[in-house]
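Residue strings, one per chain:
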Amino acid sequence: LVRACHDRWGARGKHSIEWAMADAALGGHGALVQLCYGWGARDMNSAMVKAARGGHEPLVMQCYARGARDVDKAMVAAASGGHKALVRQCYAWGARSIYSVGGAMEAAAAGGHEAVMRYIYDNWGVLDPEILTDYADLAMSAAAGNGHEPLVRICHEGWGARDVDRAMAAAAGGGYG
C-alpha cells in the first residue's frame, strides 16, 4: 500500500515520505524505512525517536548509523515505552541533558515502568540532589495521574519527592480515588 500511494497515487512530497518513514519506524517495519530512505527520506532523527518509542532497537541503531543524533528525545521516547536497553544505549551515545533525564524519568513513571524509572534515578549523577528531588516530584505526579500507586510511593517515600499536592491533583485528574 505504501508503494501504491507513492508510485500510483502520487504521494511523493518530501514530507509525506518523511512521515511514512517515521511511522514505519514506530511500527518496527525496517523494510519500509529502507524503502522511504531510498525515495529520499533523510529525517533520521524523527525515525529514531519513533523507533525508540516502539522499542525497535535494530531500527534505532540503523537510524543512528545514518546520522540521527537526537539521543535526548530518543531516550525520553524509549523510557515512555519502558525500553530500558534503549535508555541505556541513548545514555551511551551522550543523552545527558536535563531534558532527557527529567523527561525520561517522568515518561517512565507515567507509563508505570518501574525498572526504567529506577535505572534513570540511580544512574544520573549529573544532577545535584535538589534537581533530582524536583524530578522525583514530576515523576510522582506523572505516576499518580496514571494510577501507578507503587511508583508514587517510591518517589515519595524512597526518593524524597515532596509535592504531594500536585500528585493528589494529578490522581484526581486521572480519576484515581
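In what follows, the structure referred to is the one given above.
Source: prediction; values computed, not measured.

Asks: I'd like a rundown of the overall build of the protein, residues and numbers included.
Replies: Assigned secondary structure in the protein consists of 12 helices and zero strands. Listing the helices and strands of the protein from first to last along the sequence gives α-α-α-α-α-α-α-α-α-α-α-α. With respect to the principal axes defined by its C-alpha atoms, the protein has extents near 60 × 35 × 20 Å. When burial is assessed residue by residue, the protein has 40% of its 177 residues classed as buried. Summarising the internal contacts of the protein: among those between residues at least 6 apart in sequence, 67% fall at separations of at least 24. When the accessible surface of the protein is summed, it comes to about 8600 Å², and 53% of that surface belongs to carbon and sulfur atoms.

Asks: Please set out the side chain of S141 residue by residue, giving values where relevant.
Replies: For S141, the location among the structural elements is in helix 10 (residues 129–145). By relative accessible area, S141 is classed as buried at 9%. Every residue in contact with S141, bar those within four places of it in the chain, is listed here: R166, A167 and A170.

Asks: Please set out the packing of aromatic side chains residue by residue, giving values where relevant.
Replies: For any pair of aromatic rings, the description consists of the separation of the ring centres together with the inter-plane angle of the planes. Under the criterion given, the structure shown has two aromatic pairs. Here the aromatic rings of Y64 and W93 are separated by 3.8 Å at their centres, their planes lie at 5°, and the arrangement is stacked. With Y64 in helix 5 (residues 57–65) and W93 in the loop between helix 7 (84–92) and helix 8 (98–111), the pair connects residues that are 29 residues apart, well separated along the chain. Judged by its relative accessible area of 19%, Y64 falls in the buried class.

Asks: Pulling in residues and values, what's your account of the environment of H83?
Replies: Among the structural elements, H83 can be located in the loop between helix 6 (71–80) and helix 7. Using a relative accessible area of 23% as the deciding quantity, one classes H83 as partly exposed. Every residue in contact with H83, bar those within four places of it in the chain, is listed here: A52, R53, G54, G55, A78 and V116. At 3.4 Å, the side chain of H83 and the backbone nitrogen of G55 are in polar contact.

Parameters at a glance
Residues numbered from 1 in each chain as written. Predicted model: local features only at pLDDT ≥ 70, side-chain atom pairs only at ≥ 80, totals over all residues. Heavy atoms only, no water. Helix = DSSP H or I, 4+ residues; strand = E, 2+ residues; numbered from the N terminus. Buried < 20%, exposed > 50% of the residue type's maximum accessible area, 1.4 Å probe, protein only. Contact = heavy atoms within 4.5 Å. Areas by Shrake-Rupley, 256 points an atom, 1.4 Å probe, with all protein chains shown as cover. Phe/Tyr/Trp six-rings, centres within 6.5 Å; stacked < 30°, edge-to-face > 60°. Polar contact = N/O pair within 3.5 Å; in protein donor to acceptor, adjacent residues only side chain to side chain.

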